[in-house]
Amino acid sequence: MFSAWNWVAHDLYLLLNICFLEVSGGLVQSCGHIIPESPVLALGSNFTALCILNESCLDFGNIYANQIIWKIKNRVVPKEQYREINRTVSSVTFNDTSSLATPLTCNILADGQIEQNIYGITVTIGLPPEKPKNLSCIVHQVSKLTYPMTCTWNPGRHTFLDTHFRLKYRWPQENFPDCIPKDVNNSCTITDVQFFVNLEVWVEAANALGKAESDPLVLDPIEIVKPLSPHNLSVNSGILPTVLKLSWENRISAAVMKLKFNIRYRITGDTNWMQVPPEDTASPRTSFSVQGLRPYTEYVFSIRCMKEDGVGYWSDWSEEKTGVTTEDKPTKGPPIWRIIDASRSPASWTVHLMWKALEPFEANGVILQYEVTVRAKSSLSSPPEKYSVNTTNLTLKLPNGTYEVTVIARNRVGASPPSVLLIPASNSKAPVKNVRTLPKDGKLWVGWTAPNSYVLKYVIEWCLVSNSSDCITEWQNEPGNVQGTYLKGDIKPFKCYLITVYPLYADGQGSGQSVKAYLQQDRPSKGPTVQTKKVGKAEAVLTWNHLTVDEQNGFIRSYTIFYKTIDGNETAVTVDPSKTEYTLSSLTSDTLYTVRMMAYTDEGGRSGPDFTFTTQKFGKGEIEAIVVPVCLAFLLIVLLGVLFCFNKRDLIKKHIWPIVPDPSKSNIAQWSPQVPAKHNFSSKDQMYPEGSFTDVSVVEIEADDKKSFSEQDLKPFDLLKKEKSTSEGHSSGIGGSSCMSSPRQSVSDSDEGEATQNTSSTVQYSTVVLNGYRDQTPVQVFSRSESTQPLLDSEERSEDHAGGGDSATQRQQYFKRNGGQDETNTDRPCFERTKQITPANEGDLVGFAQLQISGQSSQPLGIELEKNTQEAALSDVLQTSTEGQTVRPETVEGSLLSVDEMPKSYLPQTVRQGGYMPQ
Amino acid sequence: MAAADSPSAALRRRDLCSRGIRLAGKMRSDVIDLLDTYVERQGLDASASVAAVEGVPAAAAERWDEQTGTQRLLDNLAAYRAFRALLAQMLEEQREQLGEADAALGRALAAVLLQVSAFAYHLEELLRLESRGPPSEEGAGPPPPPHLGLFERKLRGLGVLRELAQWAVRSARDLRQLAKPGPGSSSAPSPAESP
């Protein structure tokens, strides 16, 4: 235990002593140091460092060189690189300094446990400077007396160290201060150098690892001068129109340097420079006359210089100066052409003469005017007509004939040679053949085959064909020996040009041959708009308009029609471009088709808008083919039916149209003769009030079927009889009752009974099936007998039978014959029906008259009417009708008379309307 | 003259003469310019006549055309060594007087001084080619500058520059004479070759 504490105390003591071995005067002395101190090492070299321990430290404990540990940064150097030189010195060796890093520290492992730093150094690794190469110098003249010399060199590889470069120079007998580069390591400028003495120049590069010098450069600075360019350049026009004189000032003394020059020039607007032959300017000078220039042309000049013997550098080009040569006579006459308009008058022409302004190099000045001379060739005696114009065209009205037109351009200096154009009476000479075009190099080339005769020259006319603008003719002349040329003008792509070539002969002119051409084609700008002209069941006729020239953008090579059904595949049909109509066939009937059309040029096509149409369901004549046979068949069937009916009419009549016994011959009529005759003339409406008949069936009962009568069938008659008995003495009251007054009907029946006494032995009973209207109680069913037998027995029997029941229910009873009339509206009272009947209906009028008469003559009727609202309403109507004179009394009376004359038999009013007819 | 016999020595001599002539021409041009600047900056009258300045060699020679080449070189060398010392003295005085205020004049003086020095080097080289080394400079320099007033120093400087301009002309003629082929280095130059 004591031993352990002793060791700890010893270690702490040792540690403190290692760290602060001796503190005296504020300085801390470490226990050792490293040699060398902060070395600069060449990259890749070997390096050995020594760590030397202070002797004094040895006294404090077991600190010896063998306990030293070397570290690079925090990495321990392998012990194999250590070497213990003696007990206080340890060395470490690195074979390649590239493995070194900063800091390199020397550490001690006190008692083999605690590692403590003794000392550390900073290691700098780099490369020695390389020998500067490619040293070159140039003297830039910056003013008349200032000639700084700039030397540049290749500094070599990067050294990773602070490397200083110095430009050294000297005369053999005199040294100059070094030129030290600023901010760069590859150039330096000596502010002023002296000429004519050889100067030795070299570069020295130095850093911590060494020094290197370039090869010396020995030169006379005068040999490397780049002088300032001549200045104050001026250009003056000389006497000749082809000469300009240049003057300038040199900025380097002739005592320093004799100069030679380069002069370059170009026409203003041109980009290409021309140069005065160098040998003409190879001697010192301050002026030069440039010859061979174009008259009246602006030129740009520039000049440069260098040492006369060619040693050194050319100066920069001087500032540019311009000059204009003087005018000269035009060198050629203007090209001339004409357009002849012969449409206004057959005997004379309107000749539009036009000529081109001369090019500047031909005009040689400002053209002041043109002189035009027109000479008629046919009449040589007549003097030529002369015109002076400032424009480039002239319109003349000339009689038909041959003319020679001459044009001269004139400027300040003189006149041009004349241009001559022969205008023959007719273009009777041979034309050119095979006019063709070819786009080439962004221009349009026109070629032709020359005629056999000698051609003086050709005129090529062209114009842009457009819908939006007129054809403005442009033209150009070509010599007679060519058979093709480029059009000289602004030929636009995608535009159609009409090009015409005329051959001009010495004694006439050939007719023009034309061709259309495009410089460049494109797809059409739009497609044709297609529509149908006619649509059938399986075919459709499509029409379209040609695209306009502006829309075509090229030659339309073909059209393609695309059509399809909604869900079907598209079908394409190619159509010749000359067509404007096409018939689509094999279409499906009653189908919606979508059709569109594309127009194609050589560059592609463009589609027009979609158009839809529906094919017809039936083809032409198909409906007729169906309808006509059907109608014929129908007619045939009808005819056959009629014939059949005619043949079987007796049988049909028997079943469908049975013979109705004549009621007048009925024995009932004989049975109740007391009924007033006039009551027989109750109106049909009254007799057949529209009640709740919904169905009427006819039951034929043979005369001998009496026994089958039900008592119920006879109830109405019982009732009638009963009522009749109760209203005895008021028989007219029955007839004046409402339209629903069955009692009156029964009376009427009684009257009819007289007529039916003489009818045949058969009786037809009609069974009337009555349905109640909505919630009303159905009206009792009546059946009428057509029996020729008296019904007295049964009526009498039924009278007892029906007396209580019917009166108890207060039902209105109706009787209606089966007349085939649809009268089902049970709500509609009889008077409404009356209203509906037109006054022209005589039967109805008769009815009215009857009612009116009845109403006026029998007051007791009103008592019964009080029990029945309908009857009351009828009374109102009757009164209204009377008061309103809806029916004229005369007519009514007349009708009355006629009715009175009628036989007293049962004859309903409908007889006259095609209704029931007694057989 | 032994060294002059070899072709390379002849080329070297011709080259030295040629460049010496052009250097003399430039030196004259620069001195003329410098004279204008000097007169202006020093406030002198350009037409002021200056008496012969002590220590400044005179360019005029009574029997110039009779001198030998070596003699010409020696005379030139002596003159330019003197000018070098005088110009260095003027440059120092100018710096003392004007400081850095008139750097252009100082630069021009320094440039002329350099040219004078370069020309002296040419002469020394030519003398070496003549198999006669240049004489030692010891004792050949100008006498120590007398204690002069400011104006007198200005006038003295003006005299130095004027004389240097004269010497530049003469030196060019001397070198042309030396550049002529043949042993007649002592022959007089033709009038056409005079600058």
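As a convention, each chain's residues are numbered from 1 in the sequence order in which they are written. Chain labels run from A onward and ligand labels from 1 onward, assigned in the order the entries are written. Local features are withheld for residues below a pLDDT of 70 in this predicted model, meaning they are given only at 70 or higher, and side-chain atom pairs are given and counted only at 80 or more; totals for whole chains, interfaces and linings count all residues. In computing side-chain values, all of the structure's heavy atoms are included and hydrogens and water are not.

- If you check an unreviewed UniProt entry, chain B appears there as Ciliary neurotrophic factor from Eudyptula minor.
- In its Function (unreviewed entry) section, the UniProt record describing chain B reads: "CNTF is a survival factor for various neuronal cell types. Seems to prevent the degeneration of motor axons after axotomy."
- Regarding chain B, the relevant UniProt record gives this comment under Sequence similarities (unreviewed entry): "Belongs to the CNTF family." UniProt positions are given in the numbering used here, feature names are shortened, and annotations may be inferred rather than shown by experiment.

- Naming follows an unreviewed UniProt entry, where chain A appears as Interleukin-6 receptor subunit beta of Eudyptula minor.
- Here chain A is described in UniProt, under the heading Subcellular location (unreviewed entry), as follows: "Cell membrane".

1. Some words on the overall build of chain B
- Starting at the N terminus, helices and strands are each numbered in turn, a helix being any DSSP run of H or I of at least four residues and a strand any DSSP run of E of at least two. Each helix and strand in chain B was counted, giving five helices and zero strands.
- When the elements of chain B are put in sequence order from the N terminus, they spell out α-α-α-α-α.
- Here the term buried applies to any residue with accessible area under 20% of the maximum for its type, exposed to any over 50%, and partly exposed to those in between, with areas from a 1.4 Å probe on protein chains only. Within chain B, the proportion of its 195 residues that are buried is 46%.
- Nonlocal contacts in chain B, meaning residues at least 24 apart in sequence, comprise 84% of its contacts between residues at least 6 apart.
- As displayed, chain B offers around 9,200 Å² of accessible surface, 52% of which is attributable to carbon and sulfur atoms. For this analysis, residues touch if any pair of their heavy atoms sits within 4.5 Å. Under the convention used here, a 1.4 Å probe and the Shrake-Rupley method define accessible areas, while residue burial counts only the protein chains that appear.

2. Side note on the overall build of chain A
- When you go through chain A residue by residue, the secondary structure sums to 17 helices and 54 strands.
- Burial status across chain A gives 43% buried among its 919 residues.
- A separation threshold of at least 6 residues defines the contact pool for chain A, and within that pool the share at least 24 residues apart is 68%.
- Of the roughly 47,200 Å² of accessible surface on chain A, 52% is carried by carbon and sulfur atoms.

3. Digging into the state of the cysteines
Residue and element names in this part refer to chain A.
- Here, the term disulfide refers to a pair of cysteine sulfur atoms separated by no more than 2.5 Å. This model, assessed by the stated rule, comprises four disulfides over all chains.
- Bridging cysteine 51 to cysteine 106, the disulfide has an S-S length of 1.9 Å. Torsion about the S-S bond of the cysteine 51 and cysteine 106 cystine: about -85 degrees, corresponding to left-handed handedness. Taken together, the residues cysteine 51 in strand E5 (residues 47-53) and cysteine 106 in strand E10 (residues 104-110) connect sequence positions 55 residues apart. Cysteine 106 shares its class with cysteine 51; the two are buried.
- Each sulfur of the disulfide joining cysteine 179 and cysteine 188 lies 1.7 Å from the other. What sets the handedness of the cysteine 179 and cysteine 188 disulfide is the S-S torsion sign, and at about -85 degrees it is left-handed.

4. Concerning empty space enclosed by the protein
Residue and element names in this part refer to chain B.
- Throughout, the protein atoms alone are placed on a 1 Å grid, and a set of points is a cavity if a 1.4 Å probe fits but cannot get out or a pocket if it is open with protein on both sides within 12 Å along at least five of seven lines; lining residues have an atom within 4 Å of a point. Grid points are joined across faces, edges and corners, and a volume is the space filled by probe spheres set on the points. According to the stated counting rule, one finds nine cavities of 30 Å³ or more in the structure shown.
- Its boundaries defined by the atoms lining it, the largest cavity holds a volume of some 90 Å³.
- Together, Tyr38, Gln42, Met90, Glu93, Gln94, Gln97, Leu109, Leu150, Arg153 and Lys154 line the largest cavity.
- For the lining of the largest cavity, the elements supplying multiple residues, two or more each, are helix H2 (7-42), helix H3 (69-98) and helix H5 (150-179).
- Sorting elements by how many residues they give to the lining of the largest cavity places H3 first, with four residues.
- Amino acid classes used here: Ala, Val, Leu, Ile, Met, Phe, Trp, Tyr, Cys and Pro are nonpolar; Asp, Glu, Lys and Arg are charged; the rest, including Gly, are polar. Tallied by class, residues from the lining of the largest cavity come to four nonpolar, three polar and three charged.

5. Observations concerning the sheet that holds strand E23 (residues 244-249) of chain A
All names here are of chain A.
- The strand order E22-E23-E26 describes an open sheet built from three strands, whose pairing is antiparallel. The open sheet is flanked by strand E22 (231-237) and strand E26 (287-290), the only strands paired with a single partner. Put simply, the sheet's adjacent strands are angled 20 degrees from each other on average, direction ignored.
- Here E23 pairs with E26 via four bridges, running antiparallel. Bridging across to E26, leucine 246 finds its partner in phenylalanine 288. Pairing between two strands is assigned when DSSP locates at least 2 bridges connecting them. For every element, the axis is a line fit to its C-alpha atoms; helices are fit only across the contacting stretch, and the angle between N-to-C directions ranges from 0 to 180 degrees.

6. Structural notes on the pairing of strand E37 (residues 443-449) of chain A
All names here are of chain A.
- Judged by how many residues are buried, E37 sits mostly within the fold: five of seven residues are covered.
- Between the end of strand E36 (residues 433-440) and the start of E37, which pair antiparallel, lie two residues, with aspartate 441 showing a positive phi angle near 55 degrees.
- Where E37 lies against strand E40 (residues 484-486), three bridges are found, and the strand directions are antiparallel. Of the residues in E40, the one forming a bridge with tryptophan 445 is tyrosine 486.

7. Quick look at the pattern of salt bridges
All names here are of chain B.
- A carboxyl oxygen of Asp or Glu within 4 Å of a side-chain nitrogen of Lys or Arg is what we treat as a salt bridge. According to the stated counting rule, one finds 31 salt bridges over all chains in the structure shown.
- Linking aspartate 75 and arginine 170 is a salt bridge whose minimum nitrogen-to-oxygen distance equals 3.6 Å. One end of the pair, aspartate 75, is in helix H3; the other, arginine 170, is in helix H5, and 95 residues separate them in sequence.
- Residue aspartate 75 is classed as partly exposed on the basis of its relative accessible area, which comes to 23%.
- Ionic pairing is found between arginine 153 and glutamate 93, a salt bridge with its closest N-O pair at 4.0 Å.

8. So, the interface of chain B and chain A
- Facing 16 residues of chain B, the contacting portion of chain A comprises 18 residues.
- Taken over both partners, the interface formed by chain B and chain A buries close to 1,500 Å², and the fraction arising from carbon and sulfur atoms is 59%.
- For the interface between chain B and chain A, the tally reads one salt bridge.
- In this structure, arginine 19 of chain B engages aspartate 220 of chain A in a salt bridge whose closest nitrogen and oxygen atoms are separated by 3.3 Å.
- Within 3.5 Å is the distance limit for a polar contact, defined as a pair of N or O atoms, with the added protein rule that one can donate a hydrogen and the other accept it, and that residues adjacent in sequence qualify only through two side-chain atoms. In this structure, the connection of chain B to chain A is made through five residue pairs in polar contact (both at pLDDT 80 or more).
- Where the side of chain B that touches chain A is concerned, the elements lending two or more residues are H2 and helix H4 (103-129) of chain B. Put simply, buried area is the surface a 1.4 Å probe can reach on two separate parts but cannot reach once they are joined, added for both.

9. Some thoughts on the layout of surface pockets
- Computed from the structure, the largest pocket encloses a volume of approximately 920 Å³.
- For the largest pocket, the lining is made up of 38 residues, of which Asp192 and Gln194 of chain A together with Arg107, Ala108 and Ala111 of chain B are closest to its centre.
- Secondary-structure elements contributing two or more residues to the lining of the largest pocket are strand E15 (164-171) and strand E17 (187-190) of chain A together with H2, H3 and H4 of chain B.
- Taken together, the residues that form the lining of the largest pocket break down as 21 nonpolar, seven polar and ten charged.

10. Describing the nonpolar core
- Joining through side-chain atoms within 4.5 Å is the link that ties buried Ala, Val, Leu, Ile, Met, Phe, Trp, Tyr and Cys residues into a set, and such a set is a nonpolar core. Core analysis: the largest hydrophobic core is formed by 98 residues, its most contacted members being Met149, Leu167 and Phe301 of chain A together with Tyr80 and Leu87 of chain B.
- Per-element tally for this core: the top contributor is H4 of chain B, with 14 residues.
- Excluding anything up to four places from it in sequence, methionine 149 of chain A contacts Cys137, Ile138, Val139, Cys188, Thr189, Ile190, Val193, Leu199, Val201, Leu219 and Ile224 of chain A.
- Ile336, Val351, Leu358 and Ala376 of chain A belong to the second largest nonpolar core, which has 27 residues in total.

11. Focus: the confidence of the model for chain A
All names here are of chain A.
- On average, chain A scores 75 in pLDDT, and the residues at 70 or more come to 68%.
- Confidence of the predictor at the level of single residues is captured by pLDDT, which takes values from 0 to 100. Confidence drops under a pLDDT of 50 for residues 1-27, and excluding neighbours within four residues, the segment shows 34 contacts in the predicted structure.
- For the stretch residues 675-919, pLDDT sits under 50, and the model shows 407 contacts to residues farther than four places along the chain or on other chains.

12. What to know about the UniProt feature "transmembrane region" (unreviewed entry) in chain A
- The positions that UniProt labels "transmembrane region" (unreviewed entry) are, in the present scheme, residues 626-646 of chain A.
- Along residues 626-646 of chain A the backbone is 100% helical and 0% strand, and the end-to-end C-alpha distance reaches 30 Å.

13. With respect to the packing of aromatic side chains
- Only rings of Phe, Tyr and Trp enter the pairing, Trp through its six-membered ring, and a pair is recorded when the two centres are within 6.5 Å. The plane angle decides the type: under 30 degrees is stacked, over 60 is edge-to-face, the rest tilted. Going through the model one piece at a time under the given rule, you end up with 19 aromatic pairs over all chains.
- Plain terms: the ring middles of tryptophan 448 of chain A and tyrosine 458 of chain A are 4.8 Å apart, the flat faces sit at 55 degrees to each other, and that makes the pair tilted. Placement of tryptophan 448 of chain A in strand E37 and of tyrosine 458 of chain A in strand E38 (residues 457-465) is noted, with a sequence separation of ten residues between them.
- Taken together through their ring pairs, the aromatic side chains of Tyr80, Phe83, Phe119 and Trp167 of chain B make up a single cluster.

14. Considerations on H2 of chain B
- Expected span, for any helix, means 1.5 Å times one less than how many residues it has. Spanning 36 residues, H2 of chain B covers 49 Å between terminal C-alpha atoms, matching the ideal 52 Å at 1.5 Å per step.
- Glycine 43 of chain B, located one to two residues past H2 of chain B, shows a positive phi value of around 70 degrees.

15. What about unusual backbone geometry?
Residues and elements named next belong to chain A.
- For the peptide bond that leads from isoleucine 35 to proline 36, omega is 0 degrees, which places it in the cis range.
- Within the fold, proline 36 resides in the loop between strand E3 (32-35) and strand E4 (40-42).
- Note the cis peptide between threonine 102 and proline 103, where omega equals 0 degrees.
- Turning to its location among the elements, proline 103 is positioned in the loop between strand E9 (89-94) and E10.

16. Some points on the sheet that holds strand E44 (residues 530-535) of chain A
Residue and element names in this part refer to chain A.
- Ordered by their spatial adjacency, three strands build an open sheet running E44-E45-E48, and the pairing between neighbours is antiparallel. Whereas interior strands pair on both sides, the edge strands pair on one side only; in this sheet they are E44 and strand E48 (581-584). On average, each strand axis in the sheet is inclined to that of its neighbour by 30 degrees, with strand direction left out of account.
- Relative to strand E45 (residues 540-544), E44 runs antiparallel, the two sharing five bridges. Looking at the pairing, valine 535 lines up with alanine 540 of E45.

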